Amino acid sequence: MAFRPPRALDVKMTNAMDKRVELTGLSQLELISYVETLGEPAYRGRQLFAALQHRRLRDFEAISDLPKALRTRLTEVAQAATLKIESQYTSGDGTRRYLMKTHDGLPVETVFIPEERRDTICFSSQSGCPLQCTFCLTAQLGLLRSLTAGEIVEQIQIALNDAYGAGVKPPRGTNLVAMGAGEPLLNLDSLLKALRVMADPQGLHIVPNRVTVSTAGVVPRILDLAKTTDRPHLAISLAAPTDELRNELMPINKRWPLDELLAACKVFEKTLKPGERLTFEYVMLDRVNDSDEQARQLANLLNRHNIKAKVNLIPHNPADPLPYQPSSEATVERFKNILESKGIHTYVRRPRGRDIFAACGQLAARQGTLSNLSQTTPIGAIS
Ligand code: SF4
C-alpha cells in the first residue's frame, strides 16, 4: 500500500484548527451544556443538535434558524465537520466508496451499500489497524490512530448526505456495520459514544439494534460489551477452525486463542435478546481454510462450545498484494452444506463493490488502481 504519511505542513496547519471544539461527537445534553458556556439558552443547544444530527448540516452558516451572531461565534470556536472527502468511487452495483482524510491528514474509509429495503453503511473505527490479519489490506497500514466519536458519526452523515442530500430523510432504514478499517473493540469508548449520539430520536435515530460491530476477538472488550445495556450486535471474525491456522491468519489469536474467545462468546450469548444471534464471519480462502475437514472442524468447534450462532461465509475479495485467492463457488457451497448438516445456520455473503475495492478486506487498496474507474466527486466536494 502506497500510503503517504502526513507532511509536517499538513499537521502544522491542522493543529491550529484543533483548538476549536468538535461538536459532531457530542450528545444533545453535552451540546446544551456547551452552548450555555457561550451564554446561550438551552433551547439553542437543542436546535443545534437537530441541525447537526437530524438535518446533517456540516456548516454553521447553513443553520439559518440560529441567529447570525451565534453562527459566527460557533465558526470561531467550534467545528461542525472535520473529515474531508479525498475521493469517491461508485461501483456498477451502486456501492459507493469514500476515501476521507482527518484534520491531521490520516485516511478514513467508508462504504455505502444500497439495498432494496435498507441501506448499509460500513464505517471505520480507526485509521489503519494495529492487528495483522494476513488477508486484509488495511493491516499493512498499521495503526495510525483511533477515530474520535465525532469522526465516526461524520462518516455516516457524509455517506447519507451524498446519497440523499443534507436535510433529506433517507427513504429507507439505515443499518450500520463497524467492518471498515480498524478493530472497533480497541476503540470501544469512542464507538459507544458515537452510537449513543446516533441513537438519539432527535438526531440520526439509528438505534443500536441496527448496528453490528465486527471484532477480530478482543476478549476483555467482548466481556465489557456483554455488560453494556445499549449495545450493538456482535460479529466475530474467525477465519480458521484451529489455533494453528488462526495464529497464522489472525495473529491476535496468539493472545486470545479460540477456546478463550469462544468462552467469551458464550458469556455474550447469555445477553442476547429474543431473535438476536451472534454471528461468526469466515472469510473463504482458496485451499487455505476451505476444505471439507476444516468445515467439520469449524462445526465441531462451535458445537463443542454449545453456541447457537450463525456463520457468514465471505468469499475472499482478491486485492493485490495479498497472497490469497477466493474459494470457488462450489467449494463455498460444499462448506456451507457441511456446516448446515451439523446444525449450524450458514449464509453466504454476496460481495458488493468489488470493482471499486470496497468489499471486505479490500479497503486500503491502492488509490492508483482506482484511477480509471468512475470517480464521481472531486476532492472535498461534499465534505
Ligand atoms: S481484518 Fe479487521 S482487524 Fe484484521 S487487520 Fe483488517 S481491519 Fe484490522
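Check the entry above for the structure.
Residues numbered from 1 in each chain as written. Predicted model: local features only at pLDDT ≥ 70, side-chain atom pairs only at ≥ 80, totals over all residues. Heavy atoms only, no water.

A few points about the site of the ligand
Logical step 1: Surrounding the ligand, one finds C129, L131, C133, C136, A139 and G182.
Logical step 2: Residues of the shell around the ligand, tallied by class, amount to five nonpolar, one polar and no charged. (Near = heavy atom within 4 Å. Nonpolar A, V, L, I, M, F, W, Y, C, P; charged D, E, K, R; others polar.)

Focus: unusual backbone geometry
Logical step 1: Its identity as a non-glycine residue notwithstanding, R56 has a phi of 60 degrees, on the positive side.
Logical step 2: Considering the arrangement of structural elements, one finds R56 in the loop between α3 (42-54) and α4 (68-77).
Logical step 3: Note on R56: relative accessible area 2%, which makes it buried.
Logical step 4: Although it is not a glycine, H205 adopts a positive phi angle of roughly 55 degrees.
Logical step 5: Relative to the elements of secondary structure, H205 occurs in the loop between α6 (188-199) and β10 (211-215). (Helix = DSSP H or I, 4+ residues; strand = E, 2+ residues; numbered from the N terminus. Buried < 20%, exposed > 50% of the residue type's maximum accessible area, 1.4 Å probe, protein only.)

Quick look at the pattern of salt bridges
Logical step 1: Per the stated rule, a full pass over the model turns up 22 salt bridges.
Logical step 2: Of the charged contacts, one joins D224 and R221 as a salt bridge, the two residues approaching to 2.7 Å between their closest N and O atoms. Of this pair, D224 and R221 are both found in helix α7 (residues 219-226), three residues apart, which corresponds to roughly one turn of the helix.
Logical step 3: With a closest N to O distance of 2.8 Å, R231 and E276 form a salt bridge. Highlighted residues: R231 in the loop between α7 and β11 (233-237) and E276 in the loop between α10 (258-269) and β12 (279-284), separated in sequence by 45 residues.
Logical step 4: Judged by its relative accessible area of 3%, R231 falls in the buried class.
Logical step 5: Shared partners join several salt bridges into a network, and the residues in it are E61, K68 and R71. (Salt bridge = Lys/Arg side-chain N within 4 Å of Asp/Glu carboxyl O.)

Concerning α7
Logical step 1: Inspection of α7 places V219, I222, L225 and A226 among the buried residues, and these make up the whole buried set. Taken down its axis, α7 places every buried residue within 115 degrees of arc, on the same side.
Logical step 2: Packing partners of the buried residues in α7 comprise α6, β10, β11 and α10. (Arc of directions from axis to C-beta. Contact = heavy atoms within 4.5 Å.)

With respect to the environment of S146
Logical step 1: Take S146: it is sitting in strand β8 (residues 143-146).
Logical step 2: In this structure, S146 is in contact with S125, Q126, L186 and N187, ignoring residues within four places of it in sequence.
Logical step 3: There is a polar contact of 3.0 Å between the side chain of S146 and the side chain of Q126. (Polar contact = N/O pair within 3.5 Å; in protein donor to acceptor, adjacent residues only side chain to side chain.)

Things to note about the nonpolar core
Logical step 1: Of all hydrophobic cores here, the largest spans 98 residues; its most connected members are L23, L48, F135, L278 and F280.
Logical step 2: For this core, the element with the highest residue contribution is helix α5 (residues 149-164), accounting for eight residues. (Core = buried A, V, L, I, M, F, W, Y, C linked by side-chain atoms within 4.5 Å.)

Looking at the packing of aromatic side chains
Logical step 1: All chains considered together, the criterion is met by two aromatic pairs.
Logical step 2: Between F112 and Y164, the ring centres sit 6.2 Å apart and the planes meet at 75 degrees, which makes this aromatic pair edge-to-face. Placement of the pair is F112 in strand β5 (residues 107-114) and Y164 in helix α5, with a sequence separation of 52 residues. The same class applies to F112 as to Y164, namely buried.
Logical step 3: Here K310 stacks its cationic end above the ring of Y347, 5.6 Å away from the centre of that ring. (Phe/Tyr/Trp six-rings, centres within 6.5 Å; stacked < 30°, edge-to-face > 60°. Lys NZ or Arg CZ within 6 Å of the ring centre and 35° of its normal.)

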